[in-house]
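As a plain string of letters, each chain reads:
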Amino acid sequence: MKKPLKIGLDIHGVIDTFPLKFKLLSAALVNDGCEVHIVTGLRREASIDQLLLDAGIQFTHYFSIVTHLEDQGLVVDWREGLPYADEEKWNLAKSEYCTAQNIDFMFDDSPTYLGTFSEIDTTYLHVINPDRKVYVTR
Ligand SMILES: [Mg+2]
């Protein structure tokens, strides 16, 4: 069986910012047999499922940095609704996941993760949102 094309999609600043574009893209990809991986900070919860459902996003896999770090026994601290953990491990988690899963293209708006993709096979597609001046990476 030939390897399916594998795509990673960030949620915040990507799916939630351009929901219609990613609805159409994700549907086309899944219908064509591609893998669509949600690759995000937050753990999968009802509110996230609802956001993806409302946006009409089709996906085949879900990866959460928070869940990944907690599974390794690391402490994730919540401050003002945002998760904080070991910064290096957090920042490397997406590129490590993409390497492990052989993701072909990762759509993400974060300049922080950009550098962590420079020496891996995954092509980082840096989504630029001109209205988003402050880059919140977690
Ligand atoms: Mg983002």
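We now turn to the structure provided with this report.

Thresholds applied
Residues numbered from 1 in each chain as written. Predicted model: local features only at pLDDT ≥ 70, side-chain atom pairs only at ≥ 80, totals over all residues. Heavy atoms only, no water. Helix = DSSP H or I, 4+ residues; strand = E, 2+ residues; numbered from the N terminus. Contact = heavy atoms within 4.5 Å. Pairing = 2+ DSSP bridges. Axes fitted to C-alpha atoms, helices over the stretch in contact; angles between N-to-C directions. Donors = N, O, S within 2.8 Å, 3.2 Å for Na, K, Ca; no water. Buried < 20%, exposed > 50% of the residue type's maximum accessible area, 1.4 Å probe, protein only. Salt bridge = Lys/Arg side-chain N within 4 Å of Asp/Glu carboxyl O.

Turning our attention to the environment of Glu70. With respect to the helices and strands, Glu70 occurs in helix 4 (residues 65-71). The sequence separation of Glu70 and Thr112 amounts to 42 residues, and the corresponding C-alpha distance is 21 Å. Dropping the residues within four chain positions of it, Glu70 is found in contact with Arg43 and Val76.

Let us now look at the sheet that holds strand 7 (residues 123-126). Taken in spatial order, the 5 strands make up an open sheet running 3-2-1-6-7, and their pairing is parallel. What marks the edges here is a single partner per strand, and that holds for strand 3 (61-64) and strand 7. Between one strand axis and the next, the sheet turns through 20 degrees on average, direction left out of account. Against the sheet, helix 5 (residues 87-101) makes contact with strand 1 (6-9), strand 2 (35-40), strand 3 and strand 6 (105-108), and its axis sits at roughly 160 degrees relative to strand 2, the strand it touches most.

Let us now look at the coordination of the magnesium ion. Of the protein atoms, only Asp10 (OD), His12 (O) and Asp109 (OD) coordinate the magnesium ion, at distances of 2.0 to 2.2 Å. Between consecutive donors of the magnesium ion, the numbers of intervening residues give the motif D-x1-H-x96-D. On the basis of relative accessibility, which here comes to 4%, the residue Asp10 falls in the buried class. Classification of His12 as partly exposed rests on a relative accessible area of 30%.

Counted according to the given criterion, the structure contains 8 salt bridges. Between Lys3 and Asp104 there is a salt bridge whose closest N-O contact spans 2.9 Å. One end of the pair, Lys3, is in the segment before strand 1; the other, Asp104, is in the loop between helix 5 and strand 6, with 101 residues separating them in the sequence. The partner of Asp108 in a salt bridge is Lys94, and the shortest N-O contact between them spans 2.7 Å. Of this pair, Asp108 sits in strand 6 while Lys94 is found in helix 5, placing the two residues 14 residues apart along the sequence. With respect to burial, Asp108 and Lys94 carry one shared label: buried. Several salt bridges share partner residues, and in doing so they unite Asp10, Lys94 and Asp108 into one network.

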